[in-house]
Amino acid sequence: MRFNTRAHAGKLLAKTLATFLTEKYPDMDAVIYALPRGGVPLGFEVALALDMPLDLIIPRKIGHPFNPEYAIGAVTESGETICNEAELAQLDSDWFEQETKKEMTEAKRRRECYLSGREPVAIKDKLAILVDDGIATGLTMRAAICELKNRHPDKIIVAIPVIPEDTAKLLNSEVDNVVALLIDPQYQGSVGSYYKYFYQLADEEVIRLLNQLDENNKPTH
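Presented here is an overview of the structure given in this document. (Residues numbered from 1 in each chain as written. Predicted model: local features only at pLDDT ≥ 70, side-chain atom pairs only at ≥ 80, totals over all residues. Heavy atoms only, no water.)

**Describing helix 6 (residues 165-172)**
Every buried residue of helix 6 is accounted for by T167, A168 and L171. Taken end-on, helix 6 shows its buried residues confined to a sector of 105°, consistent with a single buried face. The exposed residues of helix 6 that point more than 90 degrees off its buried face are D166 and K169. (Buried < 20%, exposed > 50% of the residue type's maximum accessible area, 1.4 Å probe, protein only. Helix = DSSP H or I, 4+ residues; strand = E, 2+ residues; numbered from the N terminus. Arc of directions from axis to C-beta.)

Structural data, given as structure tokens:
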């Protein structure tokens, strides 16, 4: 399975989620949480199709010092941290602490940039649906899950276009459900491998999508 764009993947994910929610949680109020930047186009399509509010959870990857694309940890704006302990044991702890602080600062900058002080959507006792454009190691998603659990939703679902089989098993132990279009036992190594057009989103594109929500944080039609 290969997706044209993030928007294309989001539309497909929305259809699968609609069926799943009708069968599993037909009467629950839900909130979509996109992981910026890449998860926002998908979160927008899902929120639009399902007529649900869209909010953000903002984890930041902590990359290996010799290979920044390789995640060894992730941190959210509030300081929830998930690490690859085996990798971390081989690195300087002071370096990791500084990187963690740097990424926390960036997460906070993004919230202010994208949401301009908007209050988070109330999630207590509701269904939270975490959306991203794909998952590799799962570290950023796991940090997002930790952050979200502090807000006390009733249920948490991870909704994703593609995920490695072993990561899906891990996440299934941490949330109520993982809804994926493709659970790949032979993962191709990067999320971008599953897209025809996969580019780095700019802040402006995230803001443009979020600005299409009305004052009640509902998708406009």
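Additional details are given in the paragraphs that follow.
**Observations concerning the sheet that holds strand 6 (residues 127-131)**
Sheet architecture is open: five strands sit in the order 2-1-6-7-8, paired in parallel fashion. Strands at the two margins of the open sheet, each flanked by one partner only, are strand 2 (54-56) and strand 8 (177-184). Neighbour-to-neighbour, the strand axes of this sheet turn through a mean angle of 25°, independent of strand direction. Sitting on the sheet, helix 2 (residues 39-50) touches strand 1 (30-34), strand 2, strand 6 and strand 7 (155-164), and the angle it makes with strand 1 is about 160°. Running at roughly 175° to strand 7, helix 6 makes contact with strand 7 and strand 8 of the sheet. (Pairing = 2+ DSSP bridges. Axes fitted to C-alpha atoms, helices over the stretch in contact; angles between N-to-C directions. Contact = heavy atoms within 4.5 Å.)

**Side note on the environment of A7**
Considering the arrangement of structural elements, one finds A7 in helix 1 (residues 6-24). Residue A7 is classed as partly exposed on the basis of its relative accessible area of 26%. Taking the C-alpha atoms as reference, A7 lies 26 Å from K126; in sequence the two are 119 residues apart.

**A few points about helix 2**
Turn by turn, an α-helix covers 3.6 residues, leaving residues three or four places apart pointing in a common direction. Taking 1.5 Å as the rise per residue, helix 2 with 12 residues should run 16 Å; its terminal C-alpha atoms sit 16 Å apart, in good agreement. Burial of helix 2 is extensive: 10 of the 12 residues sit out of reach of the surface. Of the positions making up helix 2, those classed as buried are G39, V40, P41, L42, G43, F44, E45, V46, A47 and L50. Turning to helix 2, the residues buried within the fold contact helix 1, strand 1, strand 2, strand 6, strand 7 and helix 7 (203-210). Positive phi shows up at D51, right after helix 2, with a value of about 55°. (Expected span 1.5 Å × (residues − 1).)

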